[in-house]
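Structural overview for review
Given next are the chains, with one letter for each unit.
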Amino acid sequence: MVGVASAMALLPKEAAAGTIDDSAAHDAILAQQGCFRVTFQYEELEAHQAGYELKPPTQSEVIELVTVDSASPTSIVLQHILVTPPRIKHWKQLWRFEATEFDTYIRPDAWTRQRLSAEAVQGEWTQEVRGVADNPRYACSAAWELGDEPSWTCQTWAAKPRRDKDRDDYNILQRQNTHRIHKGGWVHEQRNTKIRLQRGVGTPVVTERGENTYDRIDPAACEDARLWWEKRRETWGAVQSAWDEVSARYETYQLDHGNGVIPLWVRLFWLARRPVAEARHEKIEARATRIIAKHLHAAPAPTASALDTP
């Protein structure tokens, strides 16, 4: 079994830091933008429990747009838009250079603020991943390895992905993510261990391999989606600001997705379903703040004694 306290020590980073050129790493992150044919492939490789039967491999294909919502020398926001019907706002990548604070996943639907020294994150980029409603998912800090095919690898804990939403045999994903940039696009490689966390002790169930390929295609295939997102980007920016404001109230917080008749993500999608005038963004943010606050509350901080309780 995997002790949670031991695993937490691995959360900040897995990849070894090498010689880093900030501008080259910055360019590698920006290279993930564009119009892509995306293939999602997952295959379970190794069972960790007697009697477990590996699930059949899965594969699906979509067209996806990745836009740069904002960029500075030390911060980049990439928004994924699912072009294949039904067109929706998909996941988001927030990249920050040498970030010393970010929220890490510690148990089902709970996050805590991770604080690192400036020395520990020197030359590193933190990737924070947000869900379809800008909800927190996971975050991790590591350096980019540069060369002909720049890559970034990091291991952290994450929420159970939507593709396994109906499974109840595990509740934590230990994710090892690699973003590898190549001439024709990029690849999101994963090696994930599905873990059942009970009373602070994690039991590995199965390890899977993921390979999500982003192959660049004619930008015209994503033009309608690009225009669609441009009309909604600022409205969703207000929702993101609401998440940032509410989560900042707590060192450790728990999220209750189903607090009420309508799920949280549905309420936020309904709130930002159509473009609104800039003058109304403040009201959108205030409304989103109230909605999120009803689903977010303070939670006990992770401690070695609590996490190692058998």
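A brief report on the enclosed structure follows. (Residues numbered from 1 in each chain as written. Predicted model: local features only at pLDDT ≥ 70, side-chain atom pairs only at ≥ 80, totals over all residues. Heavy atoms only, no water.)

Considerations on the packing of aromatic side chains
How we decide: When two rings of Phe, Tyr or Trp (its six-membered ring) have centres within 6.5 Å they constitute a pair, described as stacked for plane angles under 30 degrees, edge-to-face for angles over 60, and tilted for the intermediate range. When accessible area is computed with a 1.4 Å probe and restricted to protein chains, residues below 20% of their type maximum are described as buried, those above 50% as exposed, and intermediate ones as partly exposed. Only DSSP runs of H or I reaching four residues or more are called helices, and only runs of E reaching two or more are called strands; each is numbered from the N terminus. Both a distance and an angle decide whether a charge sits over a ring: NZ of Lys or CZ of Arg must be within 6 Å of the ring centre and within 35 degrees of the ring normal.
As enumerated under the stated definition, the model contains 11 aromatic pairs in all. With 5.1 Å between their ring centres and 70° between their planes, Y105 and W111 make a pair best called edge-to-face. A single burial state applies to Y105 and to W111, both of which are buried. Taking the centre distance of 3.9 Å and the plane angle of 10° together, the rings of W186 and Y214 count as stacked. One end of the pair, W186, is in strand β13 (residues 185-198); the other, Y214, is in strand β14 (residues 201-216), and 28 residues separate them in sequence. For the residue pair W186 and Y214, the accessibility class agrees, reading buried in each case. Ring pairing ties together the aromatic residues F36, W186 and Y214, which thus form one cluster. A cation over an aromatic ring shows up here: R163 above the ring of Y42, its NZ or CZ 3.6 Å from the ring centre. The ring of W270 carries R273 above its face, with NZ or CZ at 3.9 Å from the centroid.

Here's the deal with helix α4 (residues 233-247)
Rules: Expected span of a helix: the number of residues minus one, times 1.5 Å.
End to end, α4 covers 21 Å across 15 residues, agreeing with the expected 21 Å (1.5 Å per residue, within 8%). Within the span of α4, buried status applies to T235, W236, A238, V239, Q240, A242, W243, V246 and S247.

Examining the pattern of salt bridges
The test is simple: We count a salt bridge whenever a side-chain nitrogen from Lys or Arg sits within 4 Å of a carboxyl oxygen from Asp or Glu.
Tallied over the full model, the rule gives 22 salt bridges. A single network of salt bridges, built from pairs that share partners, joins E44, R163, D164, R167, D169, K194 and E208.

Considering the packing of α4 against helix α5 (residues 264-271)
Packed helices, taken two at a time, are described by the angle their axes make and the gap between the axes. Put simply, the rule is: For helices, the axis comes from a line fit to the C-alpha atoms of the stretch in contact; other axes are also lines fit to C-alpha atoms, and the angle between any two N-to-C directions lies between 0 and 180 degrees. For classification, angles of less than 35 degrees are called roughly parallel, those exceeding 145 degrees roughly antiparallel, those between 65 and 115 degrees roughly perpendicular, and all remaining angles oblique. Take the far helix as the reference: if the near one is turned anticlockwise from it by less than a right angle, the crossing is left-handed, and if turned clockwise, right-handed. We call two residues contacting when some pair of their heavy atoms lies within 4.5 Å. Polar here means any residue other than Ala, Val, Leu, Ile, Met, Phe, Trp, Tyr, Cys and Pro, which are nonpolar, and Asp, Glu, Lys and Arg, which are charged; Gly is therefore polar.
α5 packs onto α4 with a crossing angle of 140° between their chain directions and a minimal axis gap of 10 Å. With respect to α5, the axis of α4 lies oblique. The chirality of how α4 crosses α5 is right-handed. Where α4 abuts α5, its residues W236, V239 and W243 lie against L264, L268 and F269. Residues belonging to the contact of α4 with α5 are distributed by class as follows: 6 nonpolar, no polar and no charged.

As for a positive patch on the surface
Test applied: A patch consists of residues whose relative accessible area exceeds 30% and which take part in no salt bridge; residues with like charges are grouped when within 9 Å of each other, and nonpolar side chains (Val, Leu, Ile, Met, Phe, Trp, Tyr) when within 5 Å. The protein chains shown are the only cover counted for residues, whose accessible areas, like all others here, come from Shrake-Rupley with a 1.4 Å probe. Neither His nor the chain ends is counted toward charge; the positive residues are Lys and Arg and the negative residues Asp and Glu. We put the charge of a Lys on NZ, of an Arg on CZ, of an Asp on CG and of a Glu on CD.
Residues R273, R274, R280 and K283 make up a contiguous surface patch of positive charge. Tracing the backbone shows R274 in the loop between α5 and α6 (281-295). Assessed through its relative accessible area of 48%, R274 is described here as partly exposed.

Points about the side chain of E128
Selection rule: Think of a polar contact as two N or O atoms within 3.5 Å of one another; within protein, one of them needs to be a possible hydrogen donor and the other a possible acceptor, and neighboring residues in sequence only count if both atoms come from side chains.
The residue E128 is located in strand β8 (residues 125-130) in this model. Reaching out from E128, the side chain makes a polar contact with the side chain of R130 at a distance of 2.8 Å. If we skip the residues at most four places from it in the chain, E128 touches K92, Q93, L94, Y138 and A139.

Overview of the side chain of N135
In this fold, N135 is placed in the loop between β8 and β9 (136-142). In contact with N135, other than residues within four places in its own chain, are V129, R130 and W243.

Concerning the pairing of strand β7 (residues 110-115)
Selection rule: Think of it this way: DSSP has to see at least two bridges between two strands before they count as a pair.
Most of β7 sits inside the fold, with 5 of its 6 residues counted as buried. By the bridge criterion, 6 bridges tie strand β6 (residues 101-107) to β7 in an arrangement that is antiparallel. Following the sheet pairing, E101 is matched in β7 by R115. The turn linking β6 back onto β7 is made up of 2 residues, and D109 within it adopts a positive phi angle of 60°. Where β7 and strand β15 (residues 252-255) come together, 3 bridges link them in antiparallel fashion. Looking across to β15, one finds that W111 is bridged to Y253.

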